[in-house]
Amino acid sequence: MRCDVLTLFPEMFTGYLGQSVLKRAIERGLVRIECHNIRDWAKDKHKSVDDRPYGGGPGMVLKVEPVVDCVETVQQAAQPVGHLVMLTPQGQRLNQAAAERLARHQRLILLCGRYEGFDERIRDILAPEEISVGDYVLNGGEVAAMVVIDAVVRLLPGVLGDEQSSARDSFSGINRHLLEGAQYTRPREYRGYRVPEVLLSGNHEEIAAWRQRESIARTRRRRADLMDENRAAEDD
Ligand code: ADE
């Protein structure tokens, strides 16, 4: 996959892309991530990318010309032109199904906003898919873009060591609407807290059944809303 990030703060991505899973995926050529500074497409000598909103009001609005020029140039710089995603709190909320859908694209272009928002004509002209990472307002789309990249890249074939491991995550594969249950590693006992006997039994069937029960119980306690989705899925 190739992923182009359009932002006013490309440096924000250096630390994140240089660590752990993302670093290894990039080094192994499983994903290529290119950051572009929207300011490079500013038209005036002050390199301005934002302006006051018509009609008044607080804050600044991202200008249409630099953003549209930046997106169009980046789209044309490689094939395919890519699926354009705008990060905004007004978008559809990201969930695992959306991450899986995005992971099927060969190329994504992630457009990060700053200030109070985008000139509406950016939407009119570019018709992006709009994605929110949650019902709260961030200072900009950069952290949201990192969330999207993180959720998508771990789904790409070969990125995680054990091919199975992303399929066993909460919200994935057999756990589509379930939270992951309790996990333990050594020691067997710590401050009087013991690892459940069943996990030490070596009986794989019993362990699988225990994990399934734990997962359902945890989901019921913490996220009753997801249990409704499980019932709906069972009905299907
Ligand atoms: N930009 C600001 N807040 C955001 C959010 N919640 N999701 C995506 N982009 C954003």
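Predicted model only: the values in this text are computed from it and were never measured. (Residues numbered from 1 in each chain as written. Predicted model: local features only at pLDDT ≥ 70, side-chain atom pairs only at ≥ 80, totals over all residues. Heavy atoms only, no water.)

## Topic: the overall build of the chain
Then step 1. Within the chain one finds nine helices and ten strands.
Then step 2. Dimensions of the chain, computed from C-alpha atoms along their principal axes, come out at roughly 70 × 40 × 40 Å.
Then step 3. Counting only residues that meet the buried cut, the chain has 42% of its 236 residues in that class.
Then step 4. In the chain, of all internal contacts separated by at least 6 residues, the share reaching a separation of at least 24 is 73%.
Then step 5. In the chain, the 33 positive side-chain charges and the 36 negative ones have mean positions that sit 5 Å from each other. (Helix = DSSP H or I, 4+ residues; strand = E, 2+ residues; numbered from the N terminus. Buried < 20%, exposed > 50% of the residue type's maximum accessible area, 1.4 Å probe, protein only. Contact = heavy atoms within 4.5 Å. Lys, Arg positive; Asp, Glu negative; His and termini not counted. Charge placed at Lys NZ, Arg CZ, Asp CG, Glu CD.)

## Considering the packing of helix α4 (residues 96–103) against helix α6 (residues 142–153)
Then step 1. At a closest axis distance of 9 Å, the pairing of α4 and α6 adopts a crossing angle of 75 degrees. It follows from the interaxial angle that α4 and α6 lie roughly perpendicular. Residues Ala 99, Leu 102 and Ala 103 of α4 lie in contact with α6, whose contacting residues are Val 148, Ala 151 and Val 152.
Then step 2. Tallied by class, the residues present in the contact of α4 with α6 amount to six nonpolar, no polar and no charged. (Axes fitted to C-alpha atoms, helices over the stretch in contact; angles between N-to-C directions. Parallel < 35°, antiparallel > 145°, perpendicular 65-115°, else oblique. Nonpolar A, V, L, I, M, F, W, Y, C, P; charged D, E, K, R; others polar.)

## Examining the nonpolar core
Then step 1. Counting 32 residues, the largest nonpolar core has Leu 110 and Ile 149 as its most contacted members.
Then step 2. At the level of secondary structure, the elements contributing two or more residues to this core comprise β1 (2–7), α1 (12–17), α2 (20–27), β5 (83–93), α4, β6 (107–112) and α6.
Then step 3. Aside from chain neighbours lying at most four places away, what touches Leu 110 is Cys 3, Asp 4, Val 5, Leu 6, Val 85, Leu 87, Ala 145, Val 148 and Ile 149.
Then step 4. In terms of nonpolar packing, the next biggest core, distinct from the first, is built from 20 residues, Leu 62, Val 67, Val 71 and Leu 126 among them. (Core = buried A, V, L, I, M, F, W, Y, C linked by side-chain atoms within 4.5 Å.)

## Remarks on α4
Then step 1. Every buried residue of α4 is listed here: Gln 96, Ala 98, Ala 99, Leu 102 and Ala 103. Relative to the axis of α4, the buried residues are bounded by an arc of 160 degrees and lie together on one face.
Then step 2. For α4, the capping residue at the N-terminal end is Asn 95, with a side-chain oxygen 3.2 Å from the backbone nitrogen of Ala 97. (Arc of directions from axis to C-beta. Polar contact = N/O pair within 3.5 Å; in protein donor to acceptor, adjacent residues only side chain to side chain.)

## Observations regarding the side chain of Thr 7
Then step 1. Considering the arrangement of structural elements, one finds Thr 7 in strand β1.
Then step 2. By relative accessible area, which is 0% here, Thr 7 ends up buried.
Then step 3. At a separation of 2.7 Å, a polar atom in the side chain of Thr 7 contacts the main-chain amide nitrogen of Phe 9.
Then step 4. In this structure the side chain of Thr 7 is engaged in a polar contact, spanning 2.7 Å, whose partner is the side chain of Glu 142.
Then step 5. Leaving out residues up to four positions away in the same chain, Thr 7 has contacts with Phe 13, His 36, Asn 37, Ile 38, Cys 112 and Glu 142.

## Brief notes about the domain arrangement of the chain
Then step 1. In terms of domains, the chain is made up of domain 1 (2–153) and domain 2 (168–235).
Then step 2. Each of domain 1 and domain 2 was reduced to a C-alpha centroid, and the two centroids are 36 Å apart. (Domains from an automatic or database assignment.)

## Regarding the sheet that holds β1
Then step 1. One open sheet accounts for five strands, arranged β2-β1-β6-β5-β8; its pairing is parallel. Each of the sheet's edge strands pairs with one partner strand only, and the pair in question is β2 (32–37) and β8 (129–132). The mean inter-strand angle of the sheet, taken between neighbouring strand axes irrespective of direction, is 30 degrees.
Then step 2. Pairing analysis gives five bridges linking β5 to β8, with the strands arranged parallel. (Pairing = 2+ DSSP bridges.)

## With respect to the site of the ligand
Then step 1. Neighbouring the ligand are 13 residues, the closest being Thr 88, Val 133, Gly 134, Tyr 136 and Leu 138.
Then step 2. Gly 134 is positioned with one of its backbone polar atoms (N or O) 3.1 Å from a nitrogen atom of the ligand.
Then step 3. Contacts to the ligand include Leu 138, whose backbone N or O atom sits 3.0 Å from a nitrogen atom.
Then step 4. Protein chains bury 96% of the 260 Å² of accessible surface belonging to the ligand in isolation.
Then step 5. For the shell around the ligand, the secondary-structure elements that each account for two or more residues are β5 and β8.
Then step 6. A total of three residues in the shell around the ligand trace back to one element, the largest contributor, which is β5.
Then step 7. Partitioned by chemical class, the residues of the shell around the ligand number eight nonpolar, five polar and no charged. (Near = heavy atom within 4 Å. Areas by Shrake-Rupley, 256 points an atom, 1.4 Å probe, with all protein chains shown as cover.)

## So, unusual backbone geometry
Then step 1. With omega at -10 degrees, the peptide bond leading from Gln 79 into Pro 80 counts as cis.
Then step 2. In this fold, Pro 80 is placed in the loop between α3 (64–76) and β5.
Then step 3. Cis peptide bonds are those with omega within 30 degrees of zero, and the linkage from Arg 186 to Pro 187 qualifies with 5 degrees.
Then step 4. Within the secondary structure, Pro 187 is located in the loop between α6 and β9 (189–190).
Then step 5. Of note, the phi angle at Tyr 115 is positive, near 60 degrees, even though the residue is not glycine.
Then step 6. Checked against the element boundaries, Tyr 115 lands in the loop between β6 and β7 (117–118).
Then step 7. For Tyr 115, a relative accessible area of 34% translates into the label partly exposed.
Then step 8. Notably, Arg 191 is not glycine yet its phi reads approximately 50 degrees, a positive angle.

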